[in-house]
Amino acid sequence: MYPAVLLFVIRDSINAGKPLIAAMVHHSGSIQSFKQQKGMHTSISEILKEKSPKPSRRSLPCLAQSQTHPLNLNHFLSVPLSPDPKLEAEGLSQSVSTSCSLLPPHTAEEGNDQYVEESEVTTCETKTDESIPLKKPSTRVKLQARNDSVKGKNSAGSSGLFFRDGKKRVDYILVYKKSSPQVEKRCTFEKNLRAEGLMLEKEPSLTNNDIMFVKVQAPWDTLCKYAEQMNIRMPFRKKSYFTDWKSKTLGRFHLRCRQIKSWLPRNPMKLDKEALPDLEETDCYTAPFSRARMHHFTINNREAFFSNSTRSRIIHHVLQRTKYEDGKSKMGINRLLGNNTYEAAFPPHEGGYKSRHPIKTHGAQNHRHLLYERWARWGMWYKYQPLDLIRRYFGEKIGLYFAWLGWYTGMLIPAALVGVFVFLYGLFTMDSSQVSKEICEANNTIMCPMCEDTCEPWTLSDSCVYAKVTHLFDNGGTVFFAIFMAIWATVFLEFWKRRRAELTYDWDLIDWEEEEEELRPQFEAKYSRVERVNPISGKPEPFQPFSDKLSRLMVSVSGIFFMISLVLTAVFAVVVFRLIAMEKFASFNWYFVKKNWQFATSGTGVCINFMIIMSLNVVYEKVAYLLTNLEHPRTESEWENSFSLKMFLFQFVNLNSSTFYIAFFLGRFAGRPGKYNKLFNRWRLEECHPSGCLIDLCLQMGVIMFFKQIWNNFMELGYPLLQNWWSRRKMKKRGGGGPNVENKAQLPQWDKDWNLQPMNAHGLVDEYLEMVLQFGFTTIFVAAFPLAPLLALLNNIIEIRLDAYKFVTQWRRPMPARATDIGIWHGILEGIGVLAVITNAFVIAITSDYIPRFVYAFKYGPCVDKGHHHKNECLRGYMNSSLSVFEMRDPKNNNQSLYCRYRDYRAPPWSSVPYEFTLQFWHVLAARLAFIIVFEHLVYGIKSFIAYLIPDMPKGLCDRMRREKYLMQETMYESELTHLQKERKKKGRRYNHEWP
């Protein structure tokens, strides 16, 4: 026996717990088989001499491509000397799993499944290779021993982030129930995963005896293989934007700028660079990964070369394309989740988000802890978001959402400031307003009764407070603010395009194209009989005939119109309630309510409308889900776009239908005294206040926006908190996990993540929907409520931290997905911006009193002959001009004639044509139509001009992209040439300074 062999035999026998003689016999057989395979070698020393040279740090090849040793020799050459007695119970399979980095994937992984339930053994033995060692716990005592061994691992393994050997990091978690009948599918699926090169290890749950976890890890060679297949771009050189002379000049300039900035006070909104990790890949050139050109890439550390999100994305790609049965469509983790083979599949969090030690002195434990301390805490509400770290942890799709939300929140700051300025202008001019003065001093002006039976005439001065409040929102700054917000919406979207372009460049998404999506299982099951060749992949796939698609689309559209009609019915019910409430409050016995019947009617109507809106939203979500599934979309992205559009249409109509009624229909068809229009010949239609209907619209928007934001924030944070608390309470009551459940800190990470709530089934649809509806409230009727941008700003500051806290602490880690934009929501935002111009034009022209006051000042006021000098002077007598006269009978005075006033432009009863429209009415109507046309064309022209002036991509970014492409080609050429020249030197061949 050779001395080297004896050393390895002794070491292997110590680790594996075997007798020394048996181990020597086993390894001698291995040596003999090795000699038969490799006849040219006669000793272990000769074998070791044949070992390939150690690669350099910049050129680490995939070990799968440089494999030279046979399996049995590789096994005992790589077993580590470990004095840990807890590893002895793992047997030879554990030793194989610790040396998997030197083994081919399909052999190393088969020995890694160390825990198989009794109910699965017989099935799995028939489905897997006979060489796979399966350990079978015979009693519950062994399960408890397993739990104790897991609990007693080192600190790295006990955190639930590594396999039992404490070396291989867990990249993905699969969860299934032991009582699930889908054992055969699961065993086949896991065997195929091992064949694809993934490492699997099972672990029982410490909190639920029926739950099993499957830990998944992708070794280096598997990551390399799929990174090349998926065209994942990886860094290979630091970026260099300028030539030498330009770099020196700009270097000196930047140095001077940094010196000047050091003298200035530090921006408190910026995060400390020392608190964030050095994200080097954002400052490197990238190229699609290739194993043949691996020496081009900067591989300083194989464990850190592929980030956690990239590893999770690669594993998810494998899970989606691995079969579990024979058949074209029998593949993918989504289908296994749908048929309850697995309960969940998710990448694990990187550890806890809290630490006993402060982050300033001890640093961050992991990226999750860093995100919590520098992003999700409420104390960081005024700080910029660490977008690079968010993207690195959650993926580009979620990173773009938070980037868009932060950009939208930042752009709300100027809009909120202008809105507050307009509101303060109305507040300071409230007492000096000529219209408010005339209403408050009109003690002798008798207004017609609000109802015909129980109501009495009232004086105009009783509504003095109502008129002053109206002036806060209906003043001279209303038109300016409406134009400003229309331009603001365009600037916001155009500059977001530029910001998105910068992010896609920094995050290396410029050349990324979304890979061909797999078909939805429901689509395949429905149309499996009809096939057509996919023009992209060239493979046959199920096909939906045009007639079937059209018929389903028509049914879906019919359902949408039916739900919209249901919304209109609900609005009609609220209108009827307002008519009834108006009569009751106007004749109420309590004087305070009777005096403020307008506020009472509007307030109760808005509250009831809000309750109806929130109730119907629950119904709309289920109907939208049903209609979308009825259409049978082909892919998940098509399903998400269709569902998003339906949800937006439903909730937009639900939120804004009553607002449209108040803005454009309230008081327009009420009629006049003596000839009122009645609903069902019973209830008189509602009229506007003499100072206008804008205050009703303002009240409607303010109440709905305020309460809806509170409700949404509760549902986003309060509801997950309650769910997690309830799950922990049930876990304690059940007590199935034994003593390990008592201390939550001792639970492995997969158990902690399993007890968290999964991300919404619709992904980011609910998050985007909430913000897009808020954007509509902020822009569509902003002329009636200038404080809407301020409320939106305050809500979004809270929303960012709520979402951050929810993603970091309350939800399982979502699968990191890639995206280049915000999807269908950008088109919806542009549509809202166009609609906002039209609605604001109509609000100013029809709802507010701006046009009637303007016509009176220039046509009928006291300044017509004198010229326009002072606004209040020119509006003197406006209220008397806007009220018409009606002759009524007073039943208390023997039906004597009594004149009362009402809001309209009609001839008095003593004229030749009583109660007909006056010339002033037609002048106001013409001015309103002219204003709508001029306002729309002017604002649309300004919006188009601004959109033309602002390019979608900054010029500096275009230059950087072109130069990067040039430098990347030069670098690849030079690196390949240098590499080939070195290879020729080693082989002793002549070489020239040219491309070989």
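Residues numbered from 1 in each chain as written. Predicted model: local features only at pLDDT ≥ 70, side-chain atom pairs only at ≥ 80, totals over all residues. Heavy atoms only, no water.

1. Quick look at the overall build of the protein chain
Of regular secondary structure, the protein chain possesses 37 helices and 16 strands. In the protein chain, of all internal contacts separated by at least 6 residues, the share reaching a separation of at least 24 is 74%. Summed over all atoms, the accessible surface of the protein chain reaches about 48500 Å², with 59% contributed by carbon and sulfur. (Helix = DSSP H or I, 4+ residues; strand = E, 2+ residues; numbered from the N terminus. Contact = heavy atoms within 4.5 Å. Areas by Shrake-Rupley, 256 points an atom, 1.4 Å probe, with all protein chains shown as cover.)

2. Describing the sheet that holds strand β6 (residues 344–346)
Taken in spatial order, the 4 strands of this open sheet run β2-β3-β1-β6, and their pairing is antiparallel. The open sheet is flanked by β2 (199–204) and β6, the only strands paired with a single partner. Strand after strand, the sheet turns through a mean of 20° between neighbouring axes, direction not considered. Pairing of β2 with strand β3 (residues 211–217) involves 6 bridges; the strand directions are antiparallel. Bridge pairing in β3 places L200 opposite V216. Set on the sheet, helix α14 (residues 308–320) makes contact with β1 (172–177) and β3; between it and β1 the angle comes to about 45°. (Pairing = 2+ DSSP bridges. Axes fitted to C-alpha atoms, helices over the stretch in contact; angles between N-to-C directions.)

3. Observations regarding the pattern of salt bridges
Within this structure, the stated rule accounts for 28 salt bridges. Residue R164 pairs with E203 through a salt bridge whose shortest N-O separation is 3.1 Å. Taken together, the positions of R164 in the loop between α9 (155–158) and β1 and E203 in strand β2 put the pair 39 residues apart, joining distant regions of the chain. The pair formed by R164 and E203 is uniform in burial state, with each residue classed as buried. Here the salt bridges do not stand alone but share partners, grouping R164, E201, E203 and K215 into one network. (Salt bridge = Lys/Arg side-chain N within 4 Å of Asp/Glu carboxyl O. Buried < 20%, exposed > 50% of the residue type's maximum accessible area, 1.4 Å probe, protein only.)

4. Let's talk about the side chain of D171
For D171, the location among the structural elements is in the loop between α9 and β1. For D171, the side chain forms a polar contact with the main-chain nitrogen of A218, separated by 3.2 Å. When sequence neighbours within four positions are dropped, the list of residues in contact with D171 reads V216, Q217, A218, R311, S312, I315, P347 and P348. (Polar contact = N/O pair within 3.5 Å; in protein donor to acceptor, adjacent residues only side chain to side chain.)

5. Topic: the packing of helix α27 (residues 636–664) against helix α30 (residues 765–779)
Close contact between α27 and α30 brings their axes to 10 Å; oriented N to C, the two are set at 40°. Crossing of α27 over α30 shows right-handed handedness. Touching E640, F643, S644, M647, F648, Q651, F652, L655 and N656 of α27 are V765, L769, V772, L773 and F777, all from α30. Of the residues that constitute the contact of α27 with α30, the class distribution is 10 nonpolar, 3 polar and 1 charged. (Left-handed = near helix turned anticlockwise from the far one by under 90°. Nonpolar A, V, L, I, M, F, W, Y, C, P; charged D, E, K, R; others polar.)

6. Points about the confidence of the model for the protein chain
Averaged over all residues, the pLDDT of the protein chain is 75; the fraction at 70 or higher stands at 74%. Below pLDDT 50 for its whole length, residues 1–158 participates in 223 contacts with residues either more than four positions away or in separate chains. Of the regions scoring below 50 in pLDDT, residues 991–996 engages in 13 contacts with residues more than four places distant in sequence or in other chains. (pLDDT = per-residue confidence, 0-100.)

7. Some remarks on the state of the cysteines
Inspection of every chain in the model, using the stated rule, returns 3 disulfides. A sulfur-sulfur distance of 2.0 Å marks the disulfide that ties C448 to C900. On the S-S bond that ties C448 to C900, the torsion sits near 80°, and the link is right-handed. Of this pair, C448 sits in the loop between β7 (446–447) and β8 (458–459) while C900 sits in strand β16 (residues 896–903); the two residues are 452 residues apart in sequence, bridging distant segments of the chain. Taking the relative accessible area as the measure of exposure, C448 reaches 6% and is therefore buried. With a relative accessible area of 0%, C900 lands in the buried category. The residue that forms a disulfide with C863 is C874, at a sulfur-sulfur distance of 2.1 Å. The disulfide joining C863 to C874 has a torsion of about -100° about its S-S bond and is therefore left-handed. Of this pair, C863 sits in the loop between α33 (850–860) and α34 (871–874) while C874 is found in helix α34, placing the two residues 11 residues apart along the sequence. Of the two residues examined, C863 and C874, each falls in the buried class. (Disulfide = S-S within 2.5 Å.)

8. Details of the packing of aromatic side chains
According to the stated counting rule, one finds 53 aromatic pairs in the structure shown. A ring pair is formed by F492 and F775, whose centres lie 5.7 Å apart and whose planes are at 40°; its orientation type is tilted. You can see F492 sitting in helix α22 (residues 477–506) and its partner F775 sitting in helix α30, a full 283 residues away along the chain. The buried category is assigned to F492, whose relative accessible area is 0%. Ring geometry for F917 against F921: centres 4.1 Å apart, planes inclined by 15°, an arrangement best described as stacked. The ring centre of Y393 lies 3.9 Å from the NZ or CZ of R813, which sits over that ring. The ring of F917 has R906 lying over it, and the distance from NZ or CZ to the ring centre is 4.2 Å. (Phe/Tyr/Trp six-rings, centres within 6.5 Å; stacked < 30°, edge-to-face > 60°. Lys NZ or Arg CZ within 6 Å of the ring centre and 35° of its normal.)

9. Concerning unusual backbone geometry
Within the chain, N231 stands out as a residue other than glycine whose phi angle is a positive 55°. Among the structural elements, N231 can be located in the loop between α11 (220–229) and β4 (233–238). The phi dihedral of H632 falls on the positive side, at around 55°, and the residue is not glycine. Along the polypeptide, H632 turns up in the loop between α26 (597–631) and α27.

10. A look at a nonpolar patch on the surface
A surface patch of nonpolar side chains, amounting to about 580 Å² of accessible area, comprises Y860, F917, L919, W922, L925 and L929. Examining the composition of the nonpolar patch, we find that 4 residues originate from one element, helix α36 (residues 919–949), more than from any other. Positionally, L919 belongs in helix α36. You can call L919 exposed: its relative accessible area is 57%. (Patch = residues over 30% accessible without salt bridge, like charges linked within 9 Å, V, L, I, M, F, W, Y side chains within 5 Å.)

11. Remarks on the pairing of β2
Across the 6 residues that make up β2, a large majority, 6, are buried. Residues M199, E201 and E203 line one face of β2 and the alternating positions L200, K202 and P204 line the opposite face, and both faces are buried. Where β2 folds back onto β3 in an antiparallel hairpin, the turn is made up of 6 residues.

12. Topic: the environment of G674
Mapped onto the elements, G674 comes out in the loop between β11 (671–672) and β12 (675–676). When the C-alpha positions of G674 and M888 are compared, they lie 8.2 Å apart, and in sequence the two are 214 residues distant.

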